[in-house]
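A closer look at the structure
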Amino acid sequence: MTTASLTSGLVAVRPEAESAPVVRGEVTKTEDSKMGATTHTDKAAAAPAKADDSVSFDTHLGNFVRKVIPPLLGFALVIGVWALVAMKSADFPGPGKTWDAAVVLFSDPFYSNGPNDQGIGWNILSSLKRVAIGFGVAALVGIPLGFIIGRFAFMNSMLEPIISILRPVSPLAWLPIGLMVFKAADPASTWTIFICSIWPMILNTAQGVQRVPQDYLNVARVLNLSEFKIITKILFPSVLPYMLTGIRLSIGTAWLVIVAAEMLTGGVGIGFWVWDEWNNLKVEHIIIAIFVIGIVGLLLEQLLLLIARRFSYGAN
């Protein structure tokens, strides 16, 4: 009984011992299959990354094409119409002739052969100097005046009728007044820039002050803040976007007006240069000046837009 029991026990044990390698083999195969599955999973995971990179590249390429192609088509359309007009008129220069003249013109933009014969570079700088002086004085006067009008109802009621009457007047109508007062063309042109630049600054700044939430001002009264702290800590940060909008509108108007003012006053400046080239019958130079005036105006506006975004709360 004991031997049989032991034998049967041995017999019962031996299949388990023999089957152990088989189990280990199955485990090994299972692990291999898991490793293989993991490898395939990693490859499958890597594939979408490459696909995402491809999609991202296609998206950037599509955005680039949508931004670049339409402007290029627009310029091509303008040049095509320009070439057709030049073909119909012998006196009107075409794109090729204008390009050749521009190459010669910009090969030496800062030459000087006397006060009435200077390169286009000096004329642009002279116009920018007049705009900067007139625009700067307008900012020093217009922005504080806008704060006063927006802050105090009495000043608003007193100055609003005057501004409403003077604002629609053409800036060139003020040019004879400037010539009479200053007795010189250069300050008269700067005076004209001052007049045309000041109105957008006053109106936009005043509107920004009037749109400051009343709760802010009530808190300032509770804290017994001085008027200086109310302006610097509460009004100025809130009004800054409106003020920058007024400045951007003013610089565009100033650059627009300076050309017309210089045509009437003479001297050195891009407006005078255009009129002088017309007297010399150099129409291609006038076309070049038109592009230059537009590019400079665009750069000034983009610079102010960049500054406005820098100080905008939404940009942070």
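Residues numbered from 1 in each chain as written. Predicted model: local features only at pLDDT ≥ 70, side-chain atom pairs only at ≥ 80, totals over all residues. Heavy atoms only, no water.

Re the overall build of the protein chain
Definition in use: Put simply, DSSP marks the helices as runs of H or I at least four residues long and the strands as runs of E at least two long, and each gets a number from the N terminus on. Think of it in three bands: with a 1.4 Å probe and only protein chains considered, a residue is buried below 20% of the maximum accessible area for its type, exposed above 50%, and partly exposed in between. Note on contacts: a residue pair is in contact if any heavy atoms of the two residues lie within 4.5 Å.
Tallying secondary structure elements over the protein chain gives 10 helices and zero strands in all. Listed N to C, the secondary structure of the protein chain is α-α-α-α-α-α-α-α-α-α in terms of helices and strands. Taking all 316 residues of the protein chain together, 30% fall into the buried category. Taking contacts inside the protein chain between residues at least 6 apart in sequence as the whole, the part at least 24 apart equals 68%.

As for the side chain of S127
Test applied: N or O atoms closer than or at 3.5 Å make up a polar contact, with two conditions inside protein: a donor-capable atom paired with an acceptor-capable one, and, for residues adjacent in sequence, both atoms drawn from side chains.
Examined against the element boundaries, S127 turns out to sit in helix α3 (residues 120-151). At 2.9 Å, the side chain of S127 and the side chain of E262 are in polar contact. Excluding residues that lie within four positions of it along the chain, S127 makes contacts with W255, I258, E262, G269, I270 and G271.

Some points on the pattern of salt bridges
Oppositely charged side chains may form a pair once their charged atoms are brought near each other. The line we're drawing: What makes a salt bridge here is a side-chain nitrogen of Lys or Arg within 4 Å of a carboxyl oxygen of Asp or Glu, nothing more.
Evaluation of the coordinates by the stated rule reveals four salt bridges. A salt bridge links D186 to R130, with the shortest nitrogen-to-oxygen separation between them at 2.4 Å. Highlighted residues: D186 in helix α6 (residues 185-210) and R130 in helix α3, separated in sequence by 56 residues. A residue is classified by how much of its surface remains accessible, and D186, at 33% relative accessible area, is partly exposed.

A look at the environment of S189
With respect to the secondary-structure elements, S189 resides in helix α6. C-alpha of S189 to C-alpha of E262: the two residues are 73 residues apart in sequence and 6.9 Å apart in space. Those residues in contact with S189, other than ones at most four positions away along the chain, are R130, L175, I258, A261 and T265.

Concerning the packing of aromatic side chains
In this description, a pair of aromatic rings is defined by centroid distance and the angle of the planes. Selection rule: Aromatic pairing here means that ring centres of Phe, Tyr or Trp (its six-membered ring) are within 6.5 Å. Orientation follows from the plane angle: under 30 degrees is stacked, over 60 is edge-to-face, and everything else is tilted. Throughout this description, the term charge over a ring refers to an Arg CZ or Lys NZ atom that lies within 6 Å of the ring centre and within 35 degrees of the ring normal.
Counted according to the given criterion, the structure contains five aromatic pairs. Geometrically, the ring pair formed by F182 and W191 is tilted, given 6.4 Å between the ring centres and 50° between the ring planes. Assessed through its relative accessible area of 40%, F182 is described here as partly exposed. Ring centres 6.0 Å apart and planes at 25° place the aromatic pair W191 and F194 in the stacked group. Placement of the pair is W191 and F194 together in helix α6, with a separation of three residues, close to one helical turn. The exposure class of W191 is partly exposed, given its relative accessible area of 21%. Assessed through its relative accessible area of 16%, F194 is described here as buried. Grouped by ring-pair contacts, the aromatic residues W174, F182, W191 and F194 constitute a single cluster. Positioned over the ring face of F152 is R151, at 5.9 Å from the centre of the ring.

As far as function goes, none of this settles anything; it's purely spatial.
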